[in-house]
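# Inside the fold
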Amino acid sequence: MKAQEHNKLLGIFFLVMGGMQLMSMLSCLLIMPMFLSQTSPLRRDANFPVAFFTGIMVGVMVFSLLIGTLYLIAGFGLIKHKPWGRMAGIIAAIPSLLGIPIGTALGIYTLWFMTSEKGKNFYMGGGDEAYLPPPPPQTWSQT
């Protein structure tokens, strides 16, 4: 597979992962009002730690928003072959390693491609093939 195909595939994967993260944030946003209405401190049977679970839900929403945005930015940079796309892909690969099993596979694949010679040449050289200087003429002698 060519470097351009690897790069496009990674961009699509990061866009999908970013969309899934943002969907989880939106689902928490939809569930939170129902949760808070059932655990209101004004109810008589309110022995439920409302503040603790509300804090956890807000934390999950903020985390999903940040990670989802990071994935979307990396996916956009990779698909559009932006100069900063390689670094954004590497940065986005680090937190994706925690998402067992799909995120881990995406993170390993991203780090493998971005740190390989093919990936470096794709972003720094501008193409699939590596730039190699021409070999010296055979008439040169080593001294």
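All of the points below concern the structure found in this document. (Residues numbered from 1 in each chain as written. Predicted model: local features only at pLDDT ≥ 70, side-chain atom pairs only at ≥ 80, totals over all residues. Heavy atoms only, no water.)

The next thing to look at is the layout of surface pockets. The space that makes up the largest pocket amounts to roughly 200 Å³. Taken together, 14 residues form the lining of the largest pocket, with M17, Q21, Y71, G99 and G103 sitting closest to its centre. Contributing elements (two or more residues each) for the lining of the largest pocket: helix 1 (3–38), helix 2 (50–79), helix 3 (85–96) and helix 4 (102–115). (1 Å grid on protein atoms, 1.4 Å probe; cavity = no way out; pocket = protein on both sides within 12 Å on 5 of 7 lines; lining within 4 Å. Points joined across faces, edges and corners; volume = space filled by probe spheres on them. Helix = DSSP H or I, 4+ residues; strand = E, 2+ residues; numbered from the N terminus.)

Take unusual backbone geometry next. A cis geometry characterises the amide bond from I100 onward to P101, with omega recorded as -5 degrees. Here P101 shows up in the loop between helix 3 and helix 4.

Turning next to the packing of aromatic side chains. All told, the structure shown has three aromatic pairs when counted by the stated rule. When the ring of F14 is compared with that of Y71, the centres are 5.7 Å apart and the planes differ by 45 degrees; the resulting orientation is tilted. Separated by 57 residues along the polypeptide, F14 in helix 1 and Y71 in helix 2 bring together distant segments of the chain. Relative accessible area serves as the criterion here: at 0%, F14 is assigned to the buried category. On the accessibility criterion, Y71 (3% relative accessible area) is buried. Relative to Y123, the ring of F122 lies with its centre 5.4 Å away and its plane at 90 degrees, an arrangement referred to as edge-to-face. Each member of the pair, F122 together with Y123, is buried. (Phe/Tyr/Trp six-rings, centres within 6.5 Å; stacked < 30°, edge-to-face > 60°. Buried < 20%, exposed > 50% of the residue type's maximum accessible area, 1.4 Å probe, protein only.)

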